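Structural overview
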Amino acid sequence: MILGRMTAIALLCALAAPVAAQTGTLEKIRKAGAINMGYVEGSPPFSFLDENRQPQGYSVDLCREIANGIRTQLGLAKLETRWVALTLQDRLEAVRSGRVDIECSTTTWTLSRQAEVDFSLITFVDGGSILMRADDGLGRLSDFGGKRIAVITGTTTEKVLKSAIERRSIKAEVVNVRTRDAGLQLLEQRKVDGFASDRIVLIGLVLATPSSQGIYRLLDEDFSVEPYALALPRGDHDYRLAVNRVLARLYRTGDIETIYRRWLGKLGTPSLLLSAAYFIQGLPE
């Protein structure tokens, strides 16, 4: 009787295993011969479209490495990369719904977001800052009392900025916008006194607009820490491991330095915090 039950359990497990494998992201990618990768236009130098309307940037290059790594891990001769345009507002929903297999932009890893999606190893460490006109005499967050600050709705920057000004009792007005270009335009038109976003993204916006250089400056302080990671389907441990294997190899071998120099080299060497993140996450096989 006991032997019969054990046989039945073994049979059920054997039958269940292929079903579980077929529902995973890796098996989905294998069957399709393609991986769907999301990008967000207008987030240089991490994620943007070049003059040929092709996705480029630091995060995009990491995802290209991941696509190659997954092709190798699956033993495929070739793997098509399908790029899917996303917005800052719908990027996590695209991962959660399965529209994309990975999101390649400037998403900050937070615990609340981890209730919806999983995340790769940390890919970058940034801080929240404010872009302002150099001749306005503003330097610290406390200087924005009675001022207007634009910020993109639905981002971690919006949440942290509101918390920071409330905690410090700064009477600033927060103006919501949907894109970084819209925030920069309001600043150019002097309809707001500052535009809040991740520091490195603000630098990228100014560098991408030569006429803006010398006109703007950043806060003397960051009001948040923003650890970037690539958003992945929640609960798919095998797929997350496959992605992290590629990132850990890049960090462990130092190949990440080539990607960093390509997109961020003009801003200087990696910060001590980012260098530490690379070093600590260079996990052995």
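Structure report, in brief. (Residues numbered from 1 in each chain as written. Predicted model: local features only at pLDDT ≥ 70, side-chain atom pairs only at ≥ 80, totals over all residues. Heavy atoms only, no water.)

**A closer look at the overall build of the protein**
Helices and strands together make up the secondary structure of the protein, namely 10 helices and 11 strands. Among the 285 residues that make up the protein, the fraction classed as buried is 49%. If you take every contact in the protein between residues at least 6 apart in sequence, the share linking residues at least 24 apart comes to 74%. Within the structure as shown, the protein displays about 14,100 Å² of accessible surface, and the carbon and sulfur contribution to it stands at 54%. Of the charged side chains in the protein, 36 are positive and 33 negative; the average position of the first set lies 3 Å away from that of the second. (Helix = DSSP H or I, 4+ residues; strand = E, 2+ residues; numbered from the N terminus. Buried < 20%, exposed > 50% of the residue type's maximum accessible area, 1.4 Å probe, protein only. Contact = heavy atoms within 4.5 Å. Areas by Shrake-Rupley, 256 points an atom, 1.4 Å probe, with all protein chains shown as cover. Lys, Arg positive; Asp, Glu negative; His and termini not counted. Charge placed at Lys NZ, Arg CZ, Asp CG, Glu CD.)

**Some points on the environment of I215**
Examined against the element boundaries, I215 turns out to sit in the loop between α7 (199-207) and β10 (216-218). Residues I215 and A229, 14 residues apart in the sequence, show an inter-C-alpha distance of 31 Å. Filtering out sequence-adjacent residues up to four positions away, I215 remains in contact with M132, R133 and A134.

**Brief notes about the environment of L62**
Residue placement: L62 occurs in helix α3 (residues 58-74). Put simply, L62 and E173 are 111 residues apart on the chain and 37 Å apart in space, counted from C-alpha to C-alpha. Sequence-distant contacts of L62, defined by excluding residues within four places in its chain, comprise T123, L247, L250, I256 and I259.

**Topic: the pairing of strand β7 (residues 148-152)**
Here is the key point about a regular strand: its side chains alternate between the two faces of the sheet. Within β7, four of the five residues are buried, leaving the element largely enclosed by the surrounding structure. With five bridges connecting them, β7 and strand β8 (residues 173-177) associate as parallel partners. Of the residues in β8, the one forming a bridge with I149 is V174. You can see the chain leave β7, run along helix α5 (residues 156-167) and come back into β8, and the turn it takes is right-handed. By the bridge criterion, three bridges tie β7 to strand β9 (residues 194-198) in an arrangement that is parallel. When the sheet's bridge partners are listed, A150 is paired in β9 with F195. (Pairing = 2+ DSSP bridges. Right-handed = clockwise from strand over helix to strand, strands pointing away.)

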